[in-house]
Amino acid sequence: MTAWETVVAALDTGDPQRVAERVLALGERERREVAALLPAHIAVAERRAEDRQLERITRRERESEAAWREHVRRAERAGRTVHEYERWEWNTPWNPPWPHEREENWVDSLRVAGAATIGGAAAVVAWLNRREFQDRREVSIATTEILQRVLSTRPAAWQEDFATRAALRLRPAPRRRRRSDEMDRLALAMLRRTGVVPPEHDPLVVAWVRRPPEREDPLLDHLLPRLFEAEGVGAVLRGERPEPLTGGTWLAALAKLAGQGRRDLLLDGCVRRFLRGGEAADLRFFVHLHELLQPTPDEVSKHAPDYLRLLPAAPGPVAEMALRHLRGLDHLDPADVSEALRALLFRPERKLVTAGLTWLDAVARAWPGDLDELAPALGYAFACESADVQGRAVRMAVKHAKRFTPVGAQSLRDSFGLLPHQLGETLVAVFGGEAAEEPPEPFTPAPLPAPRFAEAFPGPVTAPVELGPCGGGWESAELWLAGVVRLHHDDRDGLVARLSEWRLGTRSHERPWLDVWQWCEEIARLILTGGSMAGGLPRAGSVSAPHLFLLRRWAEVHSALQAGALPPYLLAEPTEGTGHVDAGELVARLAGYERRGVEALPADLQQALLRLPREVAPEVVARARRLTSEAGRAAARWMDGGRPEPVTEVGWLASGRLDPGGEYRDDREAADTRTPDLAPRIRVAPTGLPLVDELLTEPGRRRKGQGELLPWWPYVMPSDREVVALHLVPHLLYGWPTQGARPPEAYALALAGGPWGEGMALVLAFFLADPSWSKLPVVRARLLVDLAARGDEDAEGIGRQLGLLLRRTWLKPGPVLETLESAAEQGAQWEVWRIMTGFLPVFLPGPEERPHTRHTQVLAFALRAARWAGARGPVPCVAEIAGRRASNNFVREARRLHTYLT
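Everything in this summary refers to the structure shown in the same document. Owing to the predicted nature of the structure, the values given are computational and were not obtained by experimental measurement. (Residues numbered from 1 in each chain as written. Predicted model: local features only at pLDDT ≥ 70, side-chain atom pairs only at ≥ 80, totals over all residues. Heavy atoms only, no water.)

Right, let's get into the pattern of salt bridges. Summed over the entire model, instances satisfying the criterion amount to 51 salt bridges. Of the charged contacts in the structure, one is a salt bridge between glutamate 349 and arginine 347, with a shortest N-O distance of 2.7 Å. Arginine 498 is the partner of glutamate 501 in a salt bridge, and the nearest nitrogen-oxygen pair spans 3.1 Å. The exposure class assigned to glutamate 501 is exposed, which follows from its relative accessible area of 58%. A single salt-bridge network, built from bridges that share partners, covers Glu70, Arg73, Arg74 and Arg77. (Salt bridge = Lys/Arg side-chain N within 4 Å of Asp/Glu carboxyl O. Buried < 20%, exposed > 50% of the residue type's maximum accessible area, 1.4 Å probe, protein only.)

Set out below in C-alpha cells:
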C-alpha cells in the first residue's frame, strides 16, 4: 500500500489516535504528498462515514423487523391478538433503544492528519478552521491532546508562530452559544505549552474564561488585567454567584488571588469596567466580584470620584452598588453630594429614586444651614412615574419645609406641575403657589369592529400536483396526510412521482419519533421504497395527551401502509378552518366506507368524532342512525347525545395547599416567590373510545419535545376548547426549557366552539396580562376585543383569573391595566368593567392585609372603567373598603369608586 492508502485506511476507522500514529510514521516527502491530497478527500470521508452509519441503521432495522415478526408468530401460536399499538412500544426487542456506539469521528481524524502533514503554521491554522469542519461537533479533550502531541513534533519557533496565529483566529461566539468554540482549547493549550506572550485579542480572553481557572496557569499574568477590558467576558461569567462561593469558579479563584497580592489590580479593574459601561447583565459578574472584595473606607474614598460618575447613567445594579459605598463616607464635598442626588433622583428607576430619597433625607438632617441646594434634586423626584415615590417626595418636602428659604421654596413650586392634583394641593398648602389642575378625562370609544371568524379550510388534495410539502402549520400537515391517503388509492403512480421530487434524509431519526415531520418522511419513504426505518411512539404519559394523539394518527397511516390496509380517504379531514368536520360530510364518508367494505382506522374515526360540531341537524342524525358498520354506529351515538360533557376546573398549588379555585379565603394568600403549579382537572365518565378517553384525562406536567405542535391542539378538539385550554395550562407559565403556550393557541381557542370554564378564562387572562409577547397594549387587547365583538366571553371569569395571576405569579398590574384601557378604547368598555368586577374581589387586599400602591392604582383604574361603561350598582368588596375608618389613599380611592357606583 502507498503512504496515502495507509492514511486513508486510518481515516476510515474514524479514530484520531490511529491517524496520528500513522501520519507521524511517514517521512517528510510522504507527508507532503498526503497534505496535497487531503482537501479533495474531505467530501469522500464524509460520504463514507454516512454510508457506514446508514449500513448500521439498515442492519438494525432488519433485526427489528425480524423480532416483530417473531413476536407476531408467538402471539398467534398462543392464540392472542396482536394490537397495532404494540408495534410502536418502546424498549422492546422489535423497537429497542438506539445503542451507544462510537461516533464517526471523521472530522477530527482529518484535523489530525492535516496538523501532522501540512507545512506552514498559517496553513495548519487555516486547515483546522476550514468551514467544512465547523459546527460538526466540539473537539473532545482527547482530540486536543492528540493535536498537541502532533504539533509538538514541529520546531519550537513553528509552534510559537502557530500558537499566536491560532489565538488571533479566534472569533467572538454568538451570545446564545453556551459551549466554547472548537479551536479555543487548542489555542490556549499551545500558548501555555510554548510560553509565548499571548496577543491582545478579546476573543482569546473570552475563551480563557470559559473554563474554570487552572492552578499555576502561565497565562494568568498576561490575561488577568485584560479580564476587565475584553468585550464578552461579562456575558460568559454572568451566571456565577458569590453565594455560595464554590470552588472551580472564577469568583472563588479571584477571591483567592486578592489575598495573594492582587487586590488592588482586581478592585481597580472592576471600577474601570464599570466606567466603560455596558448592559447590566454583562456587568453582574464584576459587581459580584467588587462586593466580594469588600472595599475598605479608604479604598472607597480613593475611588469616590469614579463612584460619583457612575450614579447618573450606570446600569441599576452598578449605580446601587456605588451609592451604597458612597453613603458610608462622611467627608464628601457638599457640592458633589448635591450633584449626585440630582443625578439619582432624575433617573427613571423607582428603586434608585427611592434610595436617593433616603440618602437625601439623611443628608438633609446633617446639612448645615438651609436646604436650598437640595431643592432641585427633590423637585426631580416629583417627576417619577411611581405614585409611591411621588408621595414620599411630597412628605419629605413637607417634613423639611421650614429649612427652605424663599429661593428654595420657589424651586420646589416650579416642579408642582409634575405632581398629580391631590399631591400638588398638599404642597400648595405648605409652600403656596398652584397645583396642576385635575384634567378631565375625555373618552370616546370606537365602535366594536366586525367579529372575526376562522378562514375557510382549503379544498382537498385530489391531484398529485396539488400535494405540497408536509411542513408549515396544522392545515398543510392535514392536507398532506389526507392527500397522500387519497392519492395512494386514486393515482398511486402520480403520488410516487410527486414524492420522488422530495429529498429524503439518510440518517435515522432519534427515537421515539416525537415530531409529525418524522412520520411524514417515513410515510413517503415507505411509498417510494417499500421499506421504512422502524420508528416508535412515545409511551403514554411521556408526552401530553394531545401531542400523542396527533402522533398516533400519523403512525396509524404508516402502519396501514405497511399492512396494505390503507382506506381510500380519511374520515377526519377538516371541512372548516376551525378544524371542524361537517356532520353531513362525515356521514357520507362513513357510508362510502360501508359500500366499499372498508374498516375505519381507530384514531382517524375518533378524531373525526371530536371534530364534529356540537349542534347536528336532526336529518343528519337520522342518516347516521341508518349506518350499519361499527364506525357508523359510533358516529350515530356521538351525534345523538353521546358526546361527553366533562366537568373542569383549575387548582392553584400555593403556600403548601391546593386551592380548588373557588374559596374566597385562599384567593387572598400572599403570592409565593416561586412560580406556582397549576392543577387542571377533568371529570367525565368513560366513553368507551380509548383515544378520546385519553384526551379527557387530567393533564400531567409539562413535557419536553412537543412545543412545535402546541398550536395544533385547538384543532384536535374544536368543539371542546375548555379541555384543550386545560391541556395548555401546564405550558402557560413556563417558557423554558420547553416551548410554552403562545398567543396563536389562545386565538384558535377563541374561534373554536364549546363551553367556557376556568381553563379558557386562565389562558385568555394570561395573554392579556403578559407583556413579553408584545410590548403594545393595543396588540394584547385585540383578543378581548374580538371576543367582545362576537359576544363570546366570560368577562367575570377572565377577571378572576387575572386577579389570581397577579397574586400568584410575576405578572404586574401595570401591563394589565394598559391592556384593558386599550380594549376599552377599541369599544370593549363594558366587557372591561365586567372583568374588573371579577378582578377586584380577588386582587384587593382583605381586612388583615396591608394595601400597597398597586391596589390604589387598580381602584383608580376601576373608577375610570366604571365611568367609561356607565356602570352602576355596588361592588361588595369595594363597599367594605370604603366603609373603613382609615383615611389613606387606598381607602379614599375606594370611597370615590363606591360613591360613583351608588
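Glancing now at the environment of leucine 311. With respect to the secondary-structure elements, leucine 311 resides in the loop between α15 (304-310) and α16 (316-326). You can call leucine 311 buried: its relative accessible area is 0%. Residues leucine 311 and valine 647 lie 336 residues apart in sequence; the distance between their C-alpha atoms is 57 Å. If near-sequence neighbours (up to four positions away) are discounted, leucine 311 is found in contact with Ala319, Ala322, Leu323, Leu326, Ala340, Ala343, Leu344, Arg347 and Trp359. (Helix = DSSP H or I, 4+ residues; strand = E, 2+ residues; numbered from the N terminus. Contact = heavy atoms within 4.5 Å.)

This next bit is on the side chain of histidine 580. Position of histidine 580 among the secondary structure elements: in the loop between α26 (545-563) and α27 (583-596). Looking at histidine 580, the relative accessible area reads 8%, which means it is buried. A distance of 2.5 Å separates the side chain of histidine 580 from the side chain of threonine 578, its partner in a polar contact. (Polar contact = N/O pair within 3.5 Å; in protein donor to acceptor, adjacent residues only side chain to side chain.)

Every buried residue belonging to helix α1 (residues 3-12) is among Ala3, Thr6, Val7, Val8, Ala10 and Leu11, and all of these are buried. Directly beyond the C-terminal end of α1, a positive phi value near 70° is found at glycine 14.

Turning next to the state of the cysteines. Disulfide: a covalent bond connecting the sulfur atoms of a pair of cysteines. Evaluated as defined, the whole model comprises 1 disulfide. Each disulfide pairs two cysteine sulfurs, and for cysteine 470 the partner residue is cysteine 520, the sulfurs being separated by 2.1 Å. With a gap of 50 residues between them, cysteine 470 in the loop between α22 (421-431) and α23 (474-490) and cysteine 520 in helix α25 (residues 516-529) connect regions that are remote in the sequence. Take cysteine 470 and cysteine 520: they sit in the same class, and that class is buried. (Disulfide = S-S within 2.5 Å.)

Among the structural elements, alanine 49 can be located in helix α3 (residues 28-77). For the pair alanine 49 and aspartate 12, spaced 37 residues apart in the sequence, the C-alpha separation amounts to 7.6 Å.

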